[in-house]
Amino acid sequence: MTTPFQKASEWIDAENAQDPNIELDQNKEYPKELLYSNRMYERLMQFEPNASEEIQIASKAQHICRWKVARESYPMDRVGYLKWREELKKFHAKTTAEILAKAGYDQTFIDRVSFLIEKKLLKKDAETQLLEDVICLVFLEYYLEPFVHKHDEEKLKNIIKKTWDKMSDKGHQEALKINYSEENLNLIKASLGL
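Residues numbered from 1 in each chain as written. Predicted model: local features only at pLDDT ≥ 70, side-chain atom pairs only at ≥ 80, totals over all residues. Heavy atoms only, no water.

As named in an unreviewed UniProt entry, the protein chain is DUF4202 domain-containing protein, taken from Flavobacterium johnsoniae.

Laid out in structure tokens, this is it:
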């Protein structure tokens with residue numbers, strides 16, 4: 001018999017598989033948000049093998065259907081960026097809540113997943129912090145490299161410092177185990193004064 005978790009996971013994957021944006025990973029093409037979802041889930045399970053079902057789903061659904069809310073639909077400034085990010089959190093939480101209800105989860109479970117996806121009480125709620133650590137680890141492992149080619153060194157140092165500030169001590173320890181290029185490791189160390 002299929003469990004609610006299996007159903008929800010399959011439906012989240014099915015939604016993310018519709019992403020028209022393609023990303024390469026080891027010479028294979030993937031829908032961008034499906035690849036991100038898989039990376040989030042895998043990193044969570046490596047980092048915290050006993051993670052609750054709520055946070056497992058929140059990790060998979062962190063960017064669900066992200067391409068449907070275009071950055072360009074908001075002003076291209078800092079205020080527009082922050083508004084877009086806030087709207088995205090609500091959109092991801094709502095999209096996931098609909099899937100979870102269909103999969104048979106109760107409202108308490110659904111509310112908790114929404115709370116996590118919206119990253120409420122960061123630094124105060126242990127699971128919100130765990131999710132943020134995983135987001136930062138996935139960024140540093142897979143998405144820092146493309147950023148390096150787009151931004152100048154000062155902006156990169158600022159991005160790395162902000163990322164680091166969001167993480168827990170356990171997240172920091174894990175981040176330093178990632179196999180970075182020598183150039184990126186030096187950039188991280190310079191950003192953090194290590």
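This is not the end of the story, as more comes after the structure.
Participant: Give me the lowdown on a positive patch on the surface, citing residues and values where you can.
Facilitator: On the surface, a cluster of positive charge is contributed by Arg78, Lys155, Lys162 and Lys166. With three residues, helix 7 (residues 153-166) is the largest single contributor of residues to the positive patch. Tracing the backbone through its elements, the reader meets Lys166 in helix 7. (Patch = residues over 30% accessible without salt bridge, like charges linked within 9 Å, V, L, I, M, F, W, Y side chains within 5 Å. Areas by Shrake-Rupley, 256 points an atom, 1.4 Å probe, with all protein chains shown as cover. Salt bridge = Lys/Arg side-chain N within 4 Å of Asp/Glu carboxyl O. Lys, Arg positive; Asp, Glu negative; His and termini not counted. Charge placed at Lys NZ, Arg CZ, Asp CG, Glu CD. Helix = DSSP H or I, 4+ residues; strand = E, 2+ residues; numbered from the N terminus.)

Participant: Explain the packing of helix 4 (residues 78-103) against helix 5 (residues 107-117) to me, using residue names and the numbers behind them.
Facilitator: Angle between the axes and distance between the axes: these two values describe a pair of packed helices. One way to put it is that helix 4 packs onto helix 5 with a least axis distance of 9 Å and a crossing angle of 155°. On the basis of their axis angle, the class for helix 4 and helix 5 is roughly antiparallel. The way helix 4 lies across helix 5 gives a crossing that is right-handed. Every residue of helix 5 that contacts helix 4 at Lys89, His92, Ala93, Thr96, Ala97, Leu100 and Ala101 is listed here: Phe109, Ile110, Val113, Ser114 and Ile117. Here the contact of helix 4 with helix 5 is built from residues that sort into eight nonpolar, three polar and one charged. (Axes fitted to C-alpha atoms, helices over the stretch in contact; angles between N-to-C directions. Parallel < 35°, antiparallel > 145°, perpendicular 65-115°, else oblique. Left-handed = near helix turned anticlockwise from the far one by under 90°. Contact = heavy atoms within 4.5 Å. Nonpolar A, V, L, I, M, F, W, Y, C, P; charged D, E, K, R; others polar.)

Participant: Lay out the domain arrangement of the protein chain with the relevant residues and their values.
Facilitator: Domain assignment breaks the protein chain into domain 1 (1-118) and domain 2 (122-193). Here domain 1 and domain 2 have C-alpha centroids that lie 20 Å from each other. The partner domain 2 presents 18 residues to the 18 residues of domain 1 that form the contact. Between domain 1 and domain 2, a total of about 1,800 Å² is buried, with carbon and sulfur atoms accounting for 63% of that surface. Summed over the three residues of domain 1 that lose the most area to domain 2, namely Arg39, Arg43 and Phe47, the buried surface amounts to 42% of that side. On the surface where domain 1 and domain 2 come into contact, there are five salt bridges. Where Arg43 meets Glu141, a salt bridge forms, and the shortest distance between an N and an O atom there is 2.7 Å. At the junction of domain 1 with domain 2, the criterion picks out eight residue pairs in polar contact (both at pLDDT 80 or more). Class assignment for the residues of the side of domain 1 that touches domain 2 results in nine nonpolar, three polar and six charged. (Domains from an automatic or database assignment. Buried area = accessible area lost by both parts, 1.4 Å probe. Polar contact = N/O pair within 3.5 Å; in protein donor to acceptor, adjacent residues only side chain to side chain.)

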